[in-house]
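Architecture at a glance
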Amino acid sequence: MNDMSAPKFGIGASARRMEDKAFVTGHGHYIADYQPEGALFAFVVRSPIAAGTFRITGGLDEVRAAPGVRLVMTHADIAHLGPLPCKGVGAQVDGSETRVPARPILCQDRVRFVGDPVAFIVADSQDAAEDAAELLEIEWEAEPATTDPAHTLEGGKPLVWPEFGSNLAFTYGHGDQAATDAAFAKAEKVAELEIVNNRLVTNYMETRGCVAEYDTASERYTLTVVSQGGHSMKRILAGDVFGIDPERIHVVTPDVGGGFGTKIFLYPEYPLSMVAAEKLGQPVKWISTRGEAFLSDSQGRDNVTKAAVAIDADGRFLGLKVNLIANMGAYLHQFGPFVPRIGTTMSPGVYDIPAAHVTVQGVYTNTVPIDAYRGAGRPEAAYVIERLVEEAARVTGLASDEIRRRNFIAPETMPYTTPTGHTYDSGEFAGHLDRALEVADWAGFEGRVQESAARGKLRGIGLTTYIEACAFPGGETASVELGDDGLVTLLIGTQSNGQGHATAYGQVIADKLGIDFERIRVIQGDTDRVKTGGGTGGSRSIPIGLPSVNVASTELAEKIKAIAADHLEVGTADLELVDGSVRIVGTDRAMSLTEVAAAAGDKSLLTAESRVEQERPTYPNGTHICELEIDPDTGNVAVLGYTIVDDFGVTVNPILLAGQVYGGVVQGIGQALLENTVYDEEGQLLSATLLDYALPRADNVPFFHFETRNVPTTSNALGIKGAGEAGTIGAASAVMNAIDDALTRSIGHVHVDMPATPAKLWAIIAETSKKAA
């Protein structure tokens, strides 16, 4: 039954996505759809070895003479370009700066992972470019590789960067070691564990791609590219790679089919396409295949962590130690070091832990570089603390919910500063835990265990209470304009990757200006039209962008009323904006927005611009409860129920919010149960296709129960906490805690790392049963 009192627009409205009609009817415009006249096609020749040297011994002339080939480039042809930069480094624990090895856009004579680019071929067709690549004669000299982050620092391991003398890329740290050591010295009990956060391959629906064009007259590049924000890409291309005036680069981003952080970054194919377009005087198009994506797109997670918590006689936490090894891959990617450095600042989670000390070691391996993937360090931190709290419950004999209640940060202590430097402004952690337990029927679980056992299944239940930091300090300029046609245009520098930005922004504009979605145009992804922008990442677009949209829309509404007031000869207080017009309240006298636009003598009166700055991050939090069954005969896991009670401060659009949370949880379930990135000792990626790399499907996912228990944040002008990554923050640990519970009830406590694949679980159960027999 519909709630007739529910608002159609404005904050809190369940407005249907205005973008979807185009998408579901095939009218979306993605990078592969863009085909400018005369476009040529590019292909990247990549290294088949993970470590070693190479030499192009011949075939360049044959490639250039091959049918349809227009250009072949090697390192010598782009030597004027700077390397791809790393922007995410900081000072190490000893005060020294992090050394950043140069990452060439095309390798000169040495490669460091399978997929490293060595040549770029442009032809009249994709087939011609790929066929020509077969003519290139390259002599490869493979060397021993290192691929396992847990062992790459051991003596005798091959060095990815021999000139550094070690595979250690950096050491970062947080907290107070002396205070933490003192806390452990007086502990009654200590819970500790070592866990793996498995490497993930980003599998968005749309692979990466670009089209580069060059205008000789203006000496200007236009790069149409899948991205999460063109302004940062423009700055890096101009300042770090080309060394030119940024105004010579125009970045355009069309519709984007998923980003998850991985599409933020600059990749070699983009400047290569730009150079080729300039040399040839024609547009150059490069579209990644799914196979290339496995070998070229930055990947996520891949941590090995040792953690311990000191506990007093009452089951309260005294101190926390975390020692994390973060795989960086072969190079320091654009923000790669930033991910574990910032993520580990969330190590204490929602718990009142007086002292903590965290050490992060970044290490090199001969693998695809690691960078931000949905959550970017915060899912890793939540996974560690929530698995550790379950171990603490086992060590103390306390129930999972009870040990959490005893150690939650109390609402009355906020603002609360953690020992790793975050200040939480709001949150009622026991409140959403209690609600989730009620919805999930935690109290009735024992009966369901018996029902599963009667069918020969192992049933488990697990919970997570998480918190994350997101929507980091900053602002986003929003410009709202009334056009002569009576349509309203928003220009803003965030970048939708499918989240529904136009809907979220549009429902506020519609509410303030009294119009429907059909009269609103949202412009993103064009660095000429939108002059500034922070892009999309860290769940920032709605918390950071919407306050500016709200203020700008309110100001434009007042300007519109002022123009209409002059012509209708009334005060602005007597006017309302409704149904696309400005009307005198209680009468039928009105001006349409088209008439208002025509009446404006000064067109600047039809534009309002705002930039609302936010000084602190937001801290969304919540409880996830997962209930599942394991089939001991096959190891297969069936997720039977999943309960989510979250605190997002203020809900902007319940439909959009649910979509974001569901998607994040599915990614977390995929990591926990399925996604297994496997390198062999030679650095070959064995799980390099979707035949070998398992993604979650519909039959892996249950129906979710999702609700909010919001406590508005004081950090955001509208009280909103970021939500785009939250689903991934809590999901993996909830699933793994449920698996641990199911196994403990049946075969005793055993440690299981992600992914808990059927083969892994079957082997554990079979081996334990064999020993028992």
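Scroll up to find the structure.
Here goes a summary of the coordinates provided. (Residues numbered from 1 in each chain as written. Predicted model: local features only at pLDDT ≥ 70, side-chain atom pairs only at ≥ 80, totals over all residues. Heavy atoms only, no water.)

1. Quick word on the layout of surface pockets
Our working definition: Here a cavity denotes grid points, spaced 1 Å and computed from the protein atoms alone, that fit a 1.4 Å probe unable to get out, and a pocket denotes an open set having protein on both sides within 12 Å along at least 5 of 7 lines; residues with an atom within 4 Å of a point are the lining. Grid points are joined across faces, edges and corners, and a volume is the space filled by probe spheres set on the points. The secondary structure listing takes helices from DSSP runs of H or I that are at least 4 residues long and strands from runs of E that are at least 2 residues long, numbered from the N terminus. For this classification, Asp, Glu, Lys and Arg are treated as charged, while Ala, Val, Leu, Ile, Met, Phe, Trp, Tyr, Cys and Pro are nonpolar and the rest, including Gly, are polar.
Computed from the structure, the second largest pocket encloses a volume of approximately 640 Å³. If you trace the second largest pocket, you find 27 residues lining it, with Glu19, Phe23, Asp255, Ala502 and Val522 closest to the centre. Of all the secondary structure elements, the ones that give two or more residues to the lining of the second largest pocket are helix 1 (20–24), helix 13 (501–513) and strand 21 (520–523). Looking at which element gives the most residues to the lining of the second largest pocket, the answer is strand 21, with 4 residues. Across the lining of the second largest pocket, the residue classes break down as 10 nonpolar, 10 polar and 7 charged.

2. Observations concerning the side chain of Thr345
Threshold: Here a polar contact means two N or O atoms within 3.5 Å. Within protein one must be a hydrogen donor candidate and the other an acceptor candidate, and residues neighboring in sequence count only if both atoms are side-chain atoms. The contact criterion used throughout is that any non-hydrogen atoms of two residues lie within 4.5 Å.
Along the chain, the position of Thr345 falls in the loop between helix 8 (338–343) and strand 15 (355–364). A distance of 2.7 Å separates polar atoms of two side chains, one belonging to Thr345 and the other to His422. The residues touching Thr345, leaving out its near neighbours within four places in the chain, are His174, Thr418, Thr420 and His422.

3. With respect to the packing of aromatic side chains
How we decide: Side-chain rings of Phe, Tyr and Trp (the six-membered ring for Trp) are treated as a pair once their centres are within 6.5 Å; stacked means planes under 30 degrees apart, edge-to-face means over 60, and tilted covers the remaining angles. Exposure classes here rest on a 1.4 Å probe applied to the protein chains alone. A residue is buried below 20% of its type maximum, exposed above 50%, and partly exposed in between.
Inspection of the entire model under this criterion finds 21 aromatic pairs. A centroid spacing of 5.4 Å and a plane angle of 35° characterise the contact between Phe54 and Trp140, whose relative ring orientation is tilted. Taken together, the positions of Phe54 in strand 2 (residues 52–58) and Trp140 in strand 6 (residues 137–142) put the pair 86 residues apart, joining distant regions of the chain. For Phe54, a relative accessible area of 7% translates into the label buried. On the basis of relative accessible area, Trp140 is assigned to the partly exposed category, the value being 24%. Relative to Phe704, the ring of Tyr642 has its centre 5.7 Å away and its plane inclined at 90°; by these criteria the two rings are edge-to-face. Pair noted here: Tyr642 is in strand 27 (residues 637–647) and Phe704 is in strand 28 (residues 704–708), with a separation of 62 residues, a long-range link. In this structure Tyr642 comes out as buried when scored by relative accessible area, which is 2%. Its relative accessible area of 17% is what places Phe704 among the buried residues.

4. Regarding the sheet that holds strand 2
Our working rule: Between any two strands, pairing holds if DSSP finds at least two bridges.
Taken together, 3 strands build an open sheet; the order of strands is 4-2-6 and the sheet is antiparallel. Across the chains shown, the open sheet's two edge strands, defined by having one partner strand only, are strand 4 (110–111) and strand 6. Across 6 bridges, strand 2 lies against strand 6 in antiparallel orientation. Each residue of the ladder has a partner; that of Phe54, found in strand 6, is Trp140.

5. Quick word on unusual backbone geometry
In the segment running from Met414 into Pro415, the intervening peptide bond is cis, with an omega of 5°. Considering the arrangement of structural elements, one finds Pro415 in the loop between helix 10 (400–407) and strand 16 (416–417). Phi is positive for Arg301, which is not a glycine, with a value near 65°. Note that Arg301 resides in the loop between helix 7 (290–296) and strand 13 (303–311). Positive phi is not limited to glycine here, since Ala376 has a value of about 45°. With respect to the element layout, Ala376 can be found in the loop between strand 15 and helix 9 (378–396).

6. Side note on the sheet that holds strand 12 (residues 284–287)
Rules: Lines fitted to C-alpha atoms define the axes, with helix axes restricted to the stretch in contact, and inter-axis angles between N-to-C directions lie between 0 and 180 degrees.
Reading across the sheet, the 7 strands line up as 3-5-1-12-9-10-11 and stay open at both edges, with mixed pairing between neighbours. Looking along the sheet, the strands with just one partner apiece sit at the ends: strand 3 (69–73) and strand 11 (249–252). Taking each pair of neighbouring strands and ignoring which way they run, the sheet shows an average axis angle of 20°. As paired strands, strand 1 (residues 40–46) and strand 12 are joined by 2 bridges and run parallel to one another. Bridge pairing in strand 12 places Leu40 opposite Val284. Relative to the sheet, helix 3 (residues 126–133) contacts strand 1, strand 3 and strand 5 (117–123), its axis offset from that of strand 1 by approximately 30°. Against the sheet, helix 6 (residues 269–280) contacts strand 1, strand 3, strand 5, strand 9 (209–215), strand 10 (220–225), strand 11 and strand 12, and its axis sits at roughly 35° relative to strand 9.

7. Considerations on the pattern of salt bridges
Rule in force here: For this analysis, a salt bridge means a side-chain nitrogen from Lys or Arg found within 4 Å of a carboxyl oxygen belonging to Asp or Glu.
Applying the stated criterion across every chain yields a total of 44 salt bridges. For the salt bridge of Lys8 with Asp516, the shortest nitrogen-to-oxygen distance reads 3.0 Å. Placement of Lys8 in the segment before helix 1 and of Asp516 in the loop between helix 13 and strand 21 is noted, with a sequence separation of 508 residues between them. Looking at Asp516, the relative accessible area reads 35%, which means it is partly exposed. Note that Arg46 is salt-bridged to Glu269, the shortest N-O span being 2.7 Å. Here Glu269 lies in helix 6 and Arg46 lies in strand 1, a separation of 223 residues in the sequence. Under the relative-accessibility criterion, Arg46 is labelled buried at 14%. Looking at Glu269, the relative accessible area reads 1%, which means it is buried.

8. Observations regarding the nonpolar core
Counted only if it meets this: Remark: nonpolar core denotes a set of buried residues (Ala, Val, Leu, Ile, Met, Phe, Trp, Tyr, Cys) joined through side-chain atoms within 4.5 Å.
Counting residues in hydrophobic clusters, the biggest one holds 129 residues, and the most contacted among them are Ile630, Leu673 and Ile739. Tallying contributions element by element places helix 17 (residues 726–747) first for this core, with 11 residues. In contact with Leu673, other than residues within four places in its own chain, are Val637, Val639, Val735, Ile739, Pro755, Ala756 and Thr757. In terms of nonpolar packing, the next biggest core, distinct from the first, is built from 45 residues, Met73, Val122, Tyr221 and Ala276 among them.

Shape descriptors only; they carry no functional weight alone.
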